[in-house]
Every structure is written in structure tokens, then in C-alpha cells.
Amino acid sequence: VYQVADYVTVNISSPNTPGLRALQGKGELEDLLGRLMQARSEQPNGADQVKPLLLKIAPDLTNEQLDDIIDIMKETKIDGLIATNTTIDRSKLKTDVKKVEEIGAGGLSGKPVRSRSTEVIQYLSTKSNKAFPIVAVGGIFTAKDAIEKLEAGADLLQVYTGFIYEGPSMVKKINKGIVAYYKSLKK
């Protein structure tokens with residue numbers, strides 16, 4: 001994908017792929033990212049055409065694991081971090097536990113992951129002293145949600161579930177809301 005992509009995401013956080021989240025361990029992740037950075041350096045593109053390599057992590061990591069992620073980001077010099085993917089945590093659901101169990105395992109996205117995603121972004125941004133760009137994803141439906149992520153330390157935003165439920169006009173509404181918010185702060 002390198003030749004046709006604008007950037008490449010290393011998604012080691014999908015709960016739907018058996019064993020994948022084991023790659024979030026420090027040793028495994030350092031090895032994987034080191035190999036990918038080496039492979040990127042061997043691409044025929046010139047230095048001005050290097051494609052950013054981003055790491056996508058789960059919201060279910062502990063603070064100790066997030067500290068490891070910060071160290072790995074600094075050591076490997078990977079270009080940025082996407083925080084966060086879907087969660088395996090079902091504690092914020094209102095649906096009956098038995099019904100959720102019937103549906104089965106898999107990643108949960110949207111509003112139930114919003115607050116944890118923001119916590120992870122804030123933790124990473126603060127603890128790393130903004131050492132790398134953070135792309136926020138997780139529960140963004142409104143301008144208020146987007147601003148929450150930006151204020152927590154995100155540099156960019158991605159929307160998935162909100163886009164599905166709200167449609168393309170959602171992006172325009174979010175952008176207008178962000179502009180209005182930051183204009184109001186300057187007054």
C-alpha cells in the first residue's frame with residue numbers, strides 16, 4: 001500500500017483479530033515498528049516523499065502500557081499516533097448484559113468509547129509533552145466532542161461511527177462549531 005497511500009496506519013489494536021493485541025507489548029511493538037521504519041527507509045521514494053507511519057492503539061491500555069507506548073514512539077521515531085480504536089469494555093452500555101453476550105465479542109465504537117478515548121489522548125499528550133502528533137478518534141459526533149479531543153491534546157480528528165449515523169453533513173457542522181468556538185475564545 002505504501003506506493004498509493006497518503007499515510008500508513010499500523011493497527012495493532014483490533015479486538016476482532018485473534019492475538020493482534022498481543023503486539024501492543026513493548027518488545028513486540030518495538031520490533032514491529034523498527035522493521036516497518038526500516039522497510040520505509042528502503043522505499044524508492046525520495047526523502048521529500050516519505051509517507052507518514054502512524055500507530056493505532058486500543059483505549060483499553062493501562063497507564064503503564066501507555067507509558068510504554070510513549071517510550072516506543074520516541075525510540076522508533078514513528079510519525080504519529082491514532083488514539084483510539086474500538087474497545088472491548090462493555091461497562092457503559094445500557095443494553096442488558098445477556099443481550100450483549102448473545103451479540104458476541106468484537107470492538108465497540110461510537111459514544112461508549114468517547115470518554116476513554118479522550119482520557120487516553122490527554123494522558124499521552126501530557127505525559128509525552130506533545131512529543132508526537134495525535135490523531136483523535138472515538139465517539140466524535142458533534143463539534144463539542146471534537147473540541148473535547150482537541151483540548152485534550154489531539155492534533156487531528158478522524159470520524160467513523162458518527163459519520164455513519166450523521167452522514168457527510170456532520171463534517172461541516174463539526175468544522176463550523178470548532179471555528180465558532182475558537183473565535184469566541186479570542187473575544
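What counts and what doesn't
Here the residue index of a chain counts from 1 through its sequence in written order. For a predicted model such as this one, the threshold for reporting local features is a pLDDT of at least 70, and the threshold for listing and counting side-chain atom pairs is 80 or more; totals across whole chains, interfaces and linings nevertheless cover every residue. Side-chain measures here rest on the full set of heavy atoms in the structure, leaving out hydrogens and waters. Going along the chain from the N terminus, every DSSP run of H or I of four or more residues is numbered as a helix, and every run of E of two or more is numbered as a strand. Radius of gyration here uses only the C-alpha atoms, and the compact-globule reference equals 2.2 Å multiplied by the residue count raised to the power 0.38. The buried label goes to any residue with under 20% of its type's maximum accessible area, the exposed label to any with over 50%, and the partly exposed label to all in between, with areas taken from a 1.4 Å probe on protein chains only. Whether two residues are in contact is decided by their heavy atoms, any of which lying within 4.5 Å being enough. Here the accessible surface of atoms and residues is derived via Shrake-Rupley with a 1.4 Å probe, and residues count as covered only by protein chains that are part of the display. At least two DSSP bridges between two strands are needed for those strands to be called paired. All axes here are fitted lines through C-alpha atoms, helices being fitted over the stretch that makes contact, and every angle between N-to-C directions spans 0 to 180 degrees. By this rule, a helix spans an expected 1.5 Å times one less than how many residues it contains. Each reported salt bridge corresponds to a side-chain nitrogen of Lys or Arg within 4 Å of a carboxyl oxygen of Asp or Glu.

(A) Local environment of the overall build of the protein chain. On a plain count of helices and strands, the protein chain comes out with seven helices and five strands. Each helix (α) and strand (β) of the protein chain, taken in turn from the N terminus, gives the series β-α-β-α-β-α-α-β-α-β-α-α. Taking 187 residues into account, the globule formula puts the C-alpha radius of gyration at 16 Å, and the protein chain, at 17 Å, falls close to it. In terms of overall dimensions, the protein chain has a C-alpha envelope of 50 × 45 × 35 Å along the principal axes. Of all 187 residues assigned to the protein chain, the portion counted as buried reaches 40%. Considering only intrachain contacts with a sequence separation of at least 6, the fraction spanning at least 24 residues in the protein chain is 67%. Total accessible area computed for the protein chain in this model is approximately 10800 Å², and 54% of it derives from carbon and sulfur atoms.

(B) Representation of the sheet that holds strand β5 (residues 156-157) in the model. The five strands lie next to each other as β1-β2-β3-β4-β5, forming an open sheet whose pairing is parallel. Both edges of this open sheet fall to β1 (8-11) and β5, since each of them pairs with a single strand only. Bridge analysis of β1 against strand β2 (residues 53-57) gives four bridges, and the strand direction is parallel. Bridge assignment links T9 to a residue of β2, and that residue is L54. Set on the sheet, helix α4 (residues 111-127) makes contact with β2, β3 (80-83) and β4 (134-136); between it and β3 the angle comes to about 155°.

(C) Structural context of helix α2 (residues 63-76). Along its 14 residues, α2 runs 20 Å from first to last C-alpha, staying within 8% of the 20 Å computed at 1.5 Å per residue. On its buried face, α2 is in contact with α1 (26-41), β2, β3 and α4. Count one or two residues on from α2 and you reach K77, which has phi positive near 60°.

(D) Summary view of the pattern of salt bridges. Under the counting rule described, the total for this entry stands at seven salt bridges. Put simply, D31 and R35 hold a salt bridge, and the shortest N to O gap is 3.1 Å. Placement of both D31 and R35 in helix α1 is noted, with a separation of four residues, approximately one turn of the helix. The partner of D79 in a salt bridge is R40, and the shortest N-O contact between them spans 2.3 Å. In this pair, D79 sits in the loop between α2 and β3 while R40 sits in helix α1, placing the two residues 39 residues apart along the sequence. In this structure D79 comes out as partly exposed when scored by relative accessible area, which is 29%. By relative accessible area, R40 is classed as buried at 14%. Residues participating in the shared-partner salt-bridge network are R114, D145 and E148.

From the geometry alone we can't say anything about function, so treat these as descriptive.
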